[in-house]
Amino acid sequence: MSSKGDTSVPLLEGRDLGKAYGRAHGRTEALRGASLRLDAGEILAVTGTSGSGKSTLLHCLAGIVRPDTGAVSYRGERLDQLPEKRLSELRRTEFGVVFQFGQLIPELTALDNVALPLLLAGVSRAQAHTRAGEWLERFGVRGQSELRPGEMSGGQAQRTALARALVTGPKAVFADEPTGALDSLASEQVMTALVHTARESGTAILLVTHDTQVAAYADRELRMADGAVAGAEVTA
Amino acid sequence: MSTRHILLGLLAGGPSHGYDLKRRHDDRFPQARPLAYGQVYTTLQRLVRDGLAEVDGTDSDGGPERTKYRATDEGARELAEWARQIAPPAPFVANEIFAKVVVSILAGGDPDAYLRAQRAAHMARMRELTAVKTAPGADLATVLSADYALNHLDADLRWMTTTAARLTTLTAEVDSA
């Protein structure tokens, strides 16, 4: 786990990140000098009230938006300076992303949704389906393989989205309020499945949540306030 | 928690001796403080004295002789009555965290730093409880007990977050009083 003064290269690091949206009038500074590091295999919760900048921080670290100022490094490589093509390849092969609503493709079955990232990466259809089935099994939704997202419960859909995020064997998964739309039991099932699977595969997770019971699944917590990290809590 | 009613509840399933009651209590309420043998036997004797339980003979199982107890009809009625009673919701909790925040303001301390440290301690305990309840093979009694603790710690945390956001106003109010 990370600790202050650790000199090893982190999996992912954001330094003094700044990001503003809008023009001169009504300009919102979402990030104001936020810094964090995520080590390989670590599960880090980023918490804070609405508007504290936690989702913008996730987007910057995942290479979805570029910060205005500061640096994002992935295994020592400057992510914020990469050309779009390389960044997009990195996102596809090294990162997995899950949002509050799973963003599954409604026309596709659960199996096809999970197989999709593999097909995009050039894996054969048969092999992609086999691997997708295995990941649905790990998340306890193998029985829903042939269902479309609209035919599943919220918890099942979200577990399918997690299977899709992990099917390519990413080094880091970015989860933005992954249980935000679920009741507490479904939330528990989703978080237990995510954490167990990530621990098994050594995947790091950056978990953005406003829910402290969800944050308690992580190894440590970073609190955000007004676009910066308010309190770093280092835990064994 | 009322030990006598918990023991009556455990006796509702059939006659049992003190050692077995202690073991079942500790299994069923894994997060509670384990019952001391002395407490079990004293409570059983009081239940007998009050007509809520009675001796149901002895067994030895090859070891020392052990007295078995069973609940009486009166005991069953008492248990049903207790189980029906609503626990009083605590409207104003005499809360140590709240007291420390106010005292810290009065004494010119740093209540914000205190709240941050308290939050870290709460989160650490919540992580432990989450690990306990999600461990493979955790039984339902353990899960429910951890859930109960987690929800109460979560409520504390929400209160601490709101309080931290209100510290400026609270400080002005305490200072002017």
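As annotated in an unreviewed UniProt entry, chain B carries the name PadR family transcriptional regulator and is attributed to Streptomyces griseorubiginosus.

Going by what an unreviewed UniProt entry lists, chain A is known as ABC transporter ATP-binding protein and is assigned to Streptomyces griseorubiginosus.

We now examine the packing of helix α5 (residues 96-106) of chain B against helix α6 (residues 111-134) of chain B. Residue and element names in this part refer to chain B. Remark: α5 packs on α6, axes separated minimally by 9 Å, with the N-to-C direction vectors making an angle of 155 degrees. Accordingly, the angle class assigned to the pair α5 and α6 is roughly antiparallel. In the packing of α5 onto α6, the handedness of the crossing is right-handed. Contact with α5, carried on its side by Ile-97, Lys-100, Val-101, Ser-104 and Ile-105, involves Pro-111, Tyr-114, Leu-115, Gln-118 and His-122 of α6 and no other residues of that element.

Let us now look at the confidence of the model for chain A. Residues and elements named next belong to chain A. Looking at chain A as a whole, its pLDDT mean stands at 89, while 94% of the residues score no less than 70. Model confidence for chain A, summarised as mean pLDDT per element, is weakest for strand β10 (residues 228-233) at 68 and strongest for strand β8 (residues 204-208) at 97. Every residue in residues 1-5 is under pLDDT 50, and counting partners more than four places away or in other chains gives eleven contacts.

What follows covers empty space enclosed by the protein. Residues and elements named next belong to chain A. Under the criterion given, the structure shown has one cavity of 30 Å³ or more. The space that makes up the largest cavity amounts to roughly 50 Å³. Surrounding the largest cavity, Cys-60, Gly-63, Val-65, Arg-66, Pro-67, Val-72, Leu-79, Asp-80 and Leu-87 form its lining.

Here the focus is the sheet that holds strand β1 (residues 16-17) of chain B. Paired through their backbone hydrogen bonds, the strands of a sheet run either parallel or antiparallel. All names here are of chain B. The three strands are arranged β1-β3-β2 in an open sheet whose pairing can be described as antiparallel. In this open sheet, the two strands that pair with only one neighbour each are β1 and β2 (53-59). Relative to strand β3 (residues 66-71), β1 runs antiparallel, the two sharing two bridges. Note that in β3 the partner of Ser-16 across the bridge is Tyr-69. On top of the sheet, helix α1 (residues 3-11) reaches β1, β2 and β3; it is set at about 90 degrees to β3, its chief contact.

Turning our attention to the interface of chain B and chain A. In this complex, chain B contributes 15 residues to the contact, which on the side of chain A involves 16 residues. Taken over both partners, the interface formed by chain B and chain A buries close to 1300 Å², and the fraction arising from carbon and sulfur atoms is 51%. When the buried area of chain B at its contact with chain A is split by residue, Arg-119, Arg-127 and Thr-134 of chain B rank highest and sum to 41% of it. If you look at where chain B meets chain A, you find two salt bridges. A salt bridge links Arg-119 of chain B to Glu-221 of chain A; the shortest N-O distance between them is 2.4 Å. Joining chain B to chain A, the criterion identifies six residue pairs in polar contact (both at pLDDT 80 or more). For the side of chain B that touches chain A, the secondary-structure elements that each account for two or more residues are α6 and α7 (140-165) of chain B. Per-element tally for the side of chain B that touches chain A: the top contributor is α6 of chain B, with nine residues. In terms of residue class, the side of chain B that touches chain A is built from six nonpolar, four polar and five charged.

Over the atoms, a rolling probe the size of a water molecule traces out where space has been left empty. Within this model, the largest pocket holds a volume of roughly 600 Å³. Lining the largest pocket we find 31 residues, and of these Asp-211, Thr-212, Gln-213 and Val-214 of chain A together with Asp-154 of chain B sit closest to its centre. Contributions of two or more residues to the lining of the largest pocket are made by β3 (43-48), α6 (184-201) and α7 (212-215) of chain A together with α6 and α7 of chain B. Residues of the lining of the largest pocket, tallied by class, amount to six nonpolar, 15 polar and ten charged.

Attention now moves to unusual backbone geometry. Residues and elements named next belong to chain A. One non-glycine residue with positive phi stands out, namely Glu-177, at about 50 degrees. Residue placement: Glu-177 occurs in the loop between β7 (172-176) and α6. With a phi close to 50 degrees, Asp-226 is a non-glycine residue in the positive phi region. Since its relative accessible area comes to 56%, Asp-226 is described here as exposed.

This part takes up the domain arrangement of chain B. Residues and elements named next belong to chain B. Taken domain by domain, chain B comprises domain 1 (3-84) and domain 2 (96-176). Computed from C-alpha atoms alone, the centre-to-centre distance between domain 1 and domain 2 is 36 Å. Listed per partner, the contact involves four residues of domain 1 and seven residues of domain 2. Among the residues domain 1 hides against domain 2, the three largest losses belong to Arg-28, Pro-30 and Gln-31. Together they make up 92% of the total. Our count for the domain 1 to domain 2 interface comes out at zero salt bridges. There are zero residue pairs in polar contact (both at pLDDT 80 or more) connecting domain 1 and domain 2. Classifying every residue of the side of domain 1 that touches domain 2 gives one nonpolar, one polar and two charged.

Another aspect to go through is the packing of aromatic side chains. Under the criterion given, the structure shown has five aromatic pairs over all chains. Consider the rings of Phe-95 of chain A and Phe-174 of chain A, whose centres lie 5.0 Å apart with planes at 75 degrees: the pair is edge-to-face. Within this pair, whereas Phe-95 of chain A is found in strand β6 (residues 95-98), its partner Phe-174 of chain A is found in strand β7, the two being separated by 79 residues in sequence. Accessibility expressed as a relative area gives 4% for Phe-95 of chain A, which makes it buried. For the ring pair Phe-98 of chain B and Trp-159 of chain B, a centre distance of 6.2 Å and an interplane angle of 75 degrees mean the geometry is edge-to-face. Separated by 61 residues along the polypeptide, Phe-98 of chain B in helix α5 and Trp-159 of chain B in helix α7 bring together distant segments of the chain. Residue Phe-98 of chain B is classed as partly exposed on the basis of its relative accessible area, which comes to 42%.

The rules behind the values
- Residues numbered from 1 in each chain as written.
- Chains lettered and ligands numbered in written order.
- Predicted model: local features only at pLDDT ≥ 70, side-chain atom pairs only at ≥ 80, totals over all residues.
- Heavy atoms only, no water.
- Axes fitted to C-alpha atoms, helices over the stretch in contact; angles between N-to-C directions.
- Helix = DSSP H or I, 4+ residues; strand = E, 2+ residues; numbered from the N terminus.
- Parallel < 35°, antiparallel > 145°, perpendicular 65-115°, else oblique.
- Left-handed = near helix turned anticlockwise from the far one by under 90°.
- Contact = heavy atoms within 4.5 Å.
- pLDDT = per-residue confidence, 0-100.
- 1 Å grid on protein atoms, 1.4 Å probe; cavity = no way out; pocket = protein on both sides within 12 Å on 5 of 7 lines; lining within 4 Å.
- Points joined across faces, edges and corners; volume = space filled by probe spheres on them.
- Pairing = 2+ DSSP bridges.
- Buried area = accessible area lost by both parts, 1.4 Å probe.
- Salt bridge = Lys/Arg side-chain N within 4 Å of Asp/Glu carboxyl O.
- Polar contact = N/O pair within 3.5 Å; in protein donor to acceptor, adjacent residues only side chain to side chain.
- Nonpolar A, V, L, I, M, F, W, Y, C, P; charged D, E, K, R; others polar.
- Buried < 20%, exposed > 50% of the residue type's maximum accessible area, 1.4 Å probe, protein only.
- Domains from an automatic or database assignment.
- Phe/Tyr/Trp six-rings, centres within 6.5 Å; stacked < 30°, edge-to-face > 60°.

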